[in-house]
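# Residue-level structural notes
Each chain is listed here by its residues.
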Amino acid sequence: MESASPLLSTQIETVAELRELYRAAEARAARLRLLSQAGGELALAEMTTVETVLQACAGRLAHFLGRGRASIAPQGPGLGLRAPGQSEGTAAAPFAFVIIDGFADLSDIPDSEDREAVRLVLELMGATASRIEREAERGRLTATLREREQRLEYVVGRLFTAQEDERRRLSHELHDGVAQTATALVRLLEGGTDRVKEPVAGPQRARLAQIARELVQEIRAIIGGLRPTLLDDLGLRAALRYLAESLETDGYTVTFDVPVGAMPLPSAVETALFRVAQEAVSNIRKHAGGPCPVTLSLRADADSGITLQIGDAGRGLSYSEPTGLGARQGMHVGREVMHERMLAIGGHLLWEASPDGVSVTAHLPQPL
Ligand SMILES: Nc1ncnc2c1ncn2[C@@H]1O[C@H](COP(=O)(O)OP(=O)(O)OP(=O)(O)O)[C@@H](O)[C@H]1O
Ligand SMILES: [Mg+2]
């Protein structure tokens, strides 16, 4: 028998080479497919889908390695899943394993390029699992924070309500007790009541009557400050109107813009807004540098919520405020309290100063 001709054997070698090249190209394509498909799925994984996605990736790995199925388990032996930065060989143990029959370890994959592709997918799976874990942790923290914030709001709200209740109680006591007694004293000194027709005689009478009248005025002022009487009796608009008028009496030009027939607001909201207006007006008297134009407006609608604005065209911050330790000697808490009052009802306060004056805006975003 003649051996194969040299030409034929060259042809056979070429076919074998071609086949080898084809296999290598196929294998490369399979590796690329594995990486791009697993990578794409993992990138889109979310908290609710991560388990299914990881399981699907494990299935792809099994298929790539010529096996039917795979599972993910907390214990090995198997192909380890690690968080980023914990590569194989570091002390940290994998947090889970992809279990595929016949592959107790990466070294069981004979082809080095296949091994590298599988290692990359395992790394991506580990990174995805730890990304989702971080997101879940962040979600838990945010929820805890929000809960704490709500509790704080509730506590501060309760505090203000309790404070207002206590003030109301005090004002009642003063009104019904001390103020009545002082008024009786004035009547007694001035005379003209049923029981005391004649004024009390004596050289000190006029002086005593004057002191008694001042006493009544002072008590009334305290009562007024303790309890927003107007607010209780007539509602927010009238109470704000009263603040505006009292400024006008002192020479300020007030533009008052609060619509009549205003919206019914919860009492805690009315109290907070009134107290903010009261402090803003008191600050205008104390710091704006004398009579100047003032605006006081209230807007409320279902879309943009409630906005109270008090602005003055006084000296604003054009003069230098006291700074340093001395500046804290007074209380200077009015602004802080305005902020807290608004926070307590779920709103916020904006305090803006310029050389042209100061503007205080209290906003409550909730629809009515
Ligand atoms: N309308 C205003 N015009 C100019 N400056 C103002 C005005 N309102 C506030 N300020 C400045 O802001 C500072 C802080 O105001 P805040 O109401 O907190 O304190 P206060 O009025 O000085 O004291 P408190 O309100 O505690 O009695 C004031 O001391 C003042 O310097
Ligand atoms: Mg103040």
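All values derive from a computational prediction rather than experimental measurement.

Calculation rules
- By convention here, each chain's residues receive numbers from 1 onward along its written sequence.
- Throughout, the order in which chains and ligands are written sets their labels, letters from A for the former and numbers from 1 for the latter.
- In keeping with the model being predicted, local features are shown solely for residues with a pLDDT of at least 70 and side-chain atom pairs are shown and tallied solely at 80 or more, while totals for entire chains, interfaces and linings include all residues.
- Side-chain metrics rest on all non-hydrogen atoms present in the structure, leaving aside hydrogens and water.
- A helix here means a DSSP run of H or I that spans at least four residues, while a strand means a run of E at least two residues long, and both kinds are numbered starting from the N terminus.
- Contact criterion: two residues are considered in contact whenever any of their non-hydrogen atoms come within 4.5 Å of each other.
- Note that accessible areas follow from Shrake-Rupley with a 1.4 Å probe, and for residues the cover is restricted to the protein chains shown.
- By definition here, a salt bridge exists when the distance from a side-chain nitrogen of Lys or Arg to a carboxyl oxygen of Asp or Glu is within 4 Å.
- Three labels apply to residues, based on accessible area from a 1.4 Å probe with only protein chains included: buried if under 20% of the type maximum, exposed if over 50%, partly exposed otherwise in between.
- We define a polar contact as two N or O atoms separated by no more than 3.5 Å, with the added condition that, inside protein, one atom must be a possible hydrogen donor and the other a possible acceptor, whereas residues neighbouring each other in sequence contribute only through side-chain atom pairs.
- In this analysis a donor is any N, O or S atom within 2.8 Å of a metal ion (3.2 Å for sodium, potassium and calcium), and since water is not included, sites may seem incomplete.
- A residue's pLDDT is the confidence the predictor assigns to it, expressed on a 0 to 100 scale.
- The angle between two axes is taken between their N-to-C directions and runs from 0 to 180 degrees, where each axis is a line fitted to C-alpha atoms and a helix contributes only its stretch in contact.
- Each angle receives one of four descriptions, namely roughly parallel if under 35 degrees, roughly antiparallel if over 145, roughly perpendicular if within 65 to 115, and oblique otherwise.
- Left-handed describes a crossing in which the near helix is turned anticlockwise from the far one by less than a right angle; the clockwise case is right-handed.
- DSSP bridges decide pairing: two strands pair if at least two such bridges lie between them.
- Think of a nonpolar core as a cluster: buried Ala, Val, Leu, Ile, Met, Phe, Trp, Tyr and Cys residues, connected wherever their side-chain atoms sit within 4.5 Å.

We now examine the overall build of the chain. Tallying secondary structure elements over the chain gives 8 helices and 8 strands in all. A sequence separation of at least 24 residues applies to 64% of the contacts in the chain between residues at least 6 apart. Surface summary for the chain: the accessible area is close to 22900 Å², and the carbon and sulfur share equals 56%.

Moving on: the pattern of salt bridges. It is possible for side chains of opposite charge to pair when their charged atoms get near one another. Evaluated as defined, the whole model comprises 13 salt bridges. The salt bridge involving Glu123 is made with Arg119; its shortest N-O contact spans 2.4 Å. Of this pair, Glu123 and Arg119 both sit in helix α3 (residues 112-190), 4 residues apart, which is roughly one turn of that helix. Residue classification places Glu123 among the partly exposed positions, given a relative accessible area of 44%.

It is worth spelling out the side chain of Ser130 at this point. With respect to the helices, strands and loops of the structure, Ser130 is situated in helix α3. In terms of polar contacts, Ser130 uses its side chain to reach the backbone carbonyl oxygen of Ala127, at 3.2 Å.

Okay, unusual backbone geometry next. Cis peptide bonds are those with omega within 30 degrees of zero, and the linkage from Gly76 to Pro77 qualifies with 0 degrees. Checked against the element boundaries, Pro77 lands in the loop between β1 (70-73) and β2 (79-81).

On to the coordination of the magnesium ion (ligand 2). Every protein donor of the magnesium ion (ligand 2) is accounted for by Glu279 (OE) and Asn283 (OD1), and the metal-donor separations fall at 2.0 to 2.1 Å. Remark: Asn283 and Glu279 occur in helix α7 (residues 267-287); sequence separation between them is 4 residues, near one turn of the helix.

So, on to the confidence of the model for the chain. Put simply, the chain has an average pLDDT of 83, and 86% of its residues get 70 or more. Looking at the elements of the chain, mean pLDDT is at its lowest for helix α5 (residues 229-234), recorded as 73, and at its highest for strand β4 (residues 253-257), recorded as 97.

Moving on, we get to the packing of α7 against helix α8 (residues 334-344). Running from N to C, α7 and α8 cross one another at 165 degrees; their axes reach a closest spacing of 9 Å. The pairing of α7 with α8 is recorded here as roughly antiparallel in orientation. For the pair α7 and α8, the crossing hand works out as left-handed. Contacts between α7 and α8 involve Ala272, Leu273, Arg275, Val276, Glu279, Ala280 and Asn283 from the first element and Gly334, Arg335, Met338, Arg341 and Met342 from the second.

What follows deals with the sheet that holds strand β8 (residues 357-364). Judged by pairing direction, the sheet is mixed, and its 5 strands sit side by side in the order β4-β5-β6-β8-β7 without closing on themselves. The open sheet has two free edges, formed respectively by β4 and β7 (348-354), since each of these has just one partner strand. In this sheet, neighbouring strand axes are inclined to one another by 10 degrees on average, regardless of whether the strands run parallel or antiparallel. Relative to strand β6 (residues 305-312), strand β5 (residues 293-301) runs antiparallel, the two sharing 8 bridges. Residue Leu298 lies in a different strand from β6, and its bridge partner there is Leu308.

Once that is clear, we can look at the nonpolar core. Counting 37 residues, the largest nonpolar core has Leu236, Leu240, Leu273, Val276, Leu296, Leu298 and Leu308 as its most contacted members. At the level of secondary structure, the elements contributing two or more residues to this core comprise α6 (236-249), β4, α7, β5, β6, α8 and β8. When residues of this core are assigned to their parent elements, the largest contribution, 9 residues, is made by α7. Grouped together as the second largest cluster of nonpolar side chains are 28 residues, Phe64, Leu79, Ile100 and Leu106 included.

As a further point, take the pairing of strand β3 (residues 96-100). Burial runs high along β3: 4 of the 5 residues are buried. Pairing of β1 with β3 involves 4 bridges; the strand directions are antiparallel. Its bridge partner being in β3, Ser71 is matched across the sheet by Ile99. Bridging between β2 and β3 involves 3 bridges; their strand directions are antiparallel.

Taken in spatial order, the 3 strands line up as β1-β3-β2 in an open sheet, and their pairing is antiparallel. Across the chains shown, the open sheet's two edge strands, defined by having one partner strand only, are β1 and β2. Sheet twist, expressed as the mean angle between neighbouring strand axes with direction ignored, is 25 degrees. Against the sheet, helix α2 (residues 50-64) contacts β1 and β3, and its axis sits at roughly 130 degrees relative to β1.

Turning our attention to the packing of α6 against α7. In the contact formed by α6 and α7, the axes pass within 10 Å of each other and the chain directions differ by 5 degrees. For the element pair α6 / α7, the angle class is roughly parallel. Of the residues in α7, those in contact with Leu236, Ala239, Leu240, Leu243, Ser246 and Leu247 of α6 are Glu270, Leu273, Phe274, Ala277, Gln278, Val281 and Arg285.

Position of Gly357 among the secondary structure elements: in strand β8. Dropping the residues within four chain positions of it, Gly357 is found in contact with Asp312, Ala313, Gly314, Gly316 and Glu352.

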